[in-house]
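# Coordinate inspection notes
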Amino acid sequence: MTTASARRWRRRLPDTATEAGAPTLARRLGRLDLTAMGVGTIVGAGIFVITGVAAAEKAGPAIMLSFALAGTVCVLVALCYSELAAMVPVSGSAYTYTYATLGEAPAFLVGWNLLLEFVIAGAAVAIGWSATTVSALDSLFGITVPHALVAGPGEGGVVNLPAVLIVAAVVAVLVGEVTFTARITKALVLVTIGVLVLVIAVGTPHVSVDNWTPFAPFGLGGIIGGAAIAFFAFLGFDVVAASAEEARNPRRDVPFAIIGTVLIATVLYALVSAVLTGMVPFVTLNNSAPIAAAFGAVRIGWIGDVIVIASIIALTKGLLLIVYAQVRLMFAMCRDRLLPYSLAATGKRATPVRLTLLLGALGAVIAGLLPIDIVVELVNIGALSAFAVVCVGVLVLRRVEPERERPFRTPLVPVVPVLALIGCLLLATTLDALTWVRFGVWVLVGIAVYLGYGRKRSTLAEPRLDAAPPTGS
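### Re the overall build of the protein chain
The helix and strand tally for the protein chain stands at 17 helices and zero strands. Surface summary for the protein chain: the accessible area is close to 16900 Å², and the carbon and sulfur share equals 68%.

Here's what the structure looks like:
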């Protein structure tokens, strides 16, 4: 590398990750921890929440193809993520990668959109947890929770109280050491995988081929639209990328965990969605607890109750990891002073307590007041925009820094990044116009925040206005 290019690389990197006195995260996660966190996020969020909505409104029984398409796009994106994750092994995921390839302003917008993705995703899982838990209380114990306490104002209620409470419980866990979160995650992943195997094994004898006819009632457009919604289910590999600064060997283990997570999830999703749409007519799955609805409809007895309880456990774990990822993302942005630097303070356990509390409160408000259909599409457009920029980042960095050391190299460049980019754009075009309007408003707010605050106070600004590192939590 030439001296000039080395200077350019250092100037573009978020330098506070190694700055003396800056808040840092402890490297305590191994390959198994990272993979468990990725798989745990995916199978805890998407399969127990989104399958029903995507099947009923977009793809019908062809939702299994939608998951395969979404998984294929995510594998391509994951290959791009893996190259940048190995080169820039610090917290922040796509935000950090964009900072290293395209500069500060694009990085801020990517981080801003990822915040939308993670915060809304956490709210969506909390809403799904609430619906599944309320269903379990009714079916197992005959306890009926008043509608006013399980729905927001837009659905005729007052507040989704169970969703708010589960977010609070997750925040209480996350303020502890990251190893505590990892131990809980690995245990719950085993439970979740067991649940999916049980869903397939117990549900398969109740599959009726008639329920798969018509197989693609909404045509090819429906399959692509279903893939755009199903894309929500694959956020787990982004959680792995957000964990890079806490990985013991990020250059080796993060790429392994990212790619492995997507492959495992794609197979599981295709199988489970095939069973669910075969058990009951797809139109009956249009709710936030599709597995509970499907097994309740075929009246299979106690095994259905076991699955419902295990689903609650899996959703809890998925929410835990999504909130974890959003905190690590905003930690990186605050440490780079694009958002208030004081929020990046870490406590005695080397965890960003202030951010955990702040984002937890925000997620609880959204989960308590908004319906799941609005929440899901906002998640996907935030994710797709960030993933597209990562693909561009790989192409740019290969051209600008071709001699840069790459512990993991995306294969078949530029074919893989270009196909991944096309896939992201294709899925984004299927989202509703109102979703684009909401996203546009969010981006405009982000631009205003950057111009009015971040640009003046960032690590690249001269002079630095808040050089003193935060202390305490």
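Once you've had a look at it, read on.
### With respect to the packing of aromatic side chains
The tally for this structure, following the rule as stated, stands at nine aromatic pairs. Ring geometry for Tyr-81 versus Tyr-97: centroids 5.7 Å apart, planes at 80 degrees, classification edge-to-face. Of this pair, Tyr-81 sits in helix α4 (residues 63–87) while Tyr-97 sits in helix α5 (residues 94–101); the two residues are 16 residues apart in sequence, bridging distant segments of the chain. Relative to Tyr-450, the ring of Phe-108 has its centre 5.3 Å away and its plane inclined at 40 degrees; by these criteria the two rings are tilted.

### Looking at helix α7 (residues 161–174)
Relative to the 20 Å expected for 14 residues at 1.5 Å per residue, α7 spans 20 Å between its end C-alpha atoms, a close match to the ideal helical length. Along α7, the residues that are buried comprise Pro-162, Ala-163, Ile-166, Val-167, Val-170, Val-171 and Leu-174.

### Some thoughts on the packing of α4 against α5
Direction vectors running N to C along α4 and α5 enclose 70 degrees, while the axes themselves pass 10 Å from each other. With respect to α5, the axis of α4 lies roughly perpendicular. Residue-level inspection shows Tyr-81, Leu-84 and Ala-85 of α4 in contact with α5, the latter providing Ala-94, Tyr-97 and Thr-101. Per-class residue counts for the contact of α4 with α5 are five nonpolar, one polar and no charged.

### Quick look at the side chain of Arg-406
Looking at the element boundaries, Arg-406 is found in the loop between α15 (372–400) and α16 (415–428). Within the structure, the side chain of Arg-406 is placed 3.0 Å from the side chain of Glu-83, a separation counted as a polar contact. In contact with Arg-406, not counting residues within four places along its chain, are Glu-83, Met-87, Leu-397, Arg-398 and Glu-401.

### Details of the side chain of Ser-66
When you line up the elements, Ser-66 lands in helix α4. Classification of Ser-66 as buried rests on a relative accessible area of 0%. At 2.8 Å, the side chain of Ser-66 and the backbone oxygen of Ile-223 are in polar contact. When near neighbours in sequence (up to four residues on either side) are disregarded, Ser-66 contacts Ala-59, Gly-222, Ile-223, Gly-226 and Ala-227.

### Remarks on the nonpolar core
Val-77, Tyr-81, Phe-231, Phe-234, Phe-237, Ile-258 and Phe-295 are the most contacted members of the largest nonpolar core, which totals 143 residues. Top element by residues in this core is helix α13 (residues 302–335). It accounts for 19 residues. Excluding residues that lie within four positions of it along the chain, Phe-237 makes contacts with Ile-42, Cys-74, Val-77, Ala-78, Tyr-81, Ile-258, Thr-261, Val-262 and Phe-387.

### A short note on unusual backbone geometry
Residues other than glycine predominantly adopt negative phi, and peptide bonds predominantly adopt the trans conformation. In the segment running from Thr-213 into Pro-214, the intervening peptide bond is cis, with an omega of -5 degrees. Position of Pro-214 among the secondary structure elements: in the loop between α8 (178–203) and α9 (219–230). Note the cis peptide between Val-413 and Pro-414, where omega equals 15 degrees. Relative to the assigned elements, Pro-414 resides in the loop between α15 and α16. With a phi close to 65 degrees, Arg-337 is a non-glycine residue in the positive phi region. Mapped onto the elements, Arg-337 comes out in the loop between α13 and α14 (353–369). Residue classification places Arg-337 among the buried residues on the basis of a relative accessible area of 0%. Positive phi, normally seen in glycine, also occurs at Leu-412, with a value near 55 degrees. On the secondary structure map, Leu-412 appears in the loop between α15 and α16.

Conventions used here
Residues numbered from 1 in each chain as written. Predicted model: local features only at pLDDT ≥ 70, side-chain atom pairs only at ≥ 80, totals over all residues. Heavy atoms only, no water. Helix = DSSP H or I, 4+ residues; strand = E, 2+ residues; numbered from the N terminus. Areas by Shrake-Rupley, 256 points an atom, 1.4 Å probe, with all protein chains shown as cover. Phe/Tyr/Trp six-rings, centres within 6.5 Å; stacked < 30°, edge-to-face > 60°. Expected span 1.5 Å × (residues − 1). Buried < 20%, exposed > 50% of the residue type's maximum accessible area, 1.4 Å probe, protein only. Axes fitted to C-alpha atoms, helices over the stretch in contact; angles between N-to-C directions. Parallel < 35°, antiparallel > 145°, perpendicular 65-115°, else oblique. Contact = heavy atoms within 4.5 Å. Nonpolar A, V, L, I, M, F, W, Y, C, P; charged D, E, K, R; others polar. Polar contact = N/O pair within 3.5 Å; in protein donor to acceptor, adjacent residues only side chain to side chain. Core = buried A, V, L, I, M, F, W, Y, C linked by side-chain atoms within 4.5 Å.

Function cannot be inferred from these measures alone, as they are strictly geometric.
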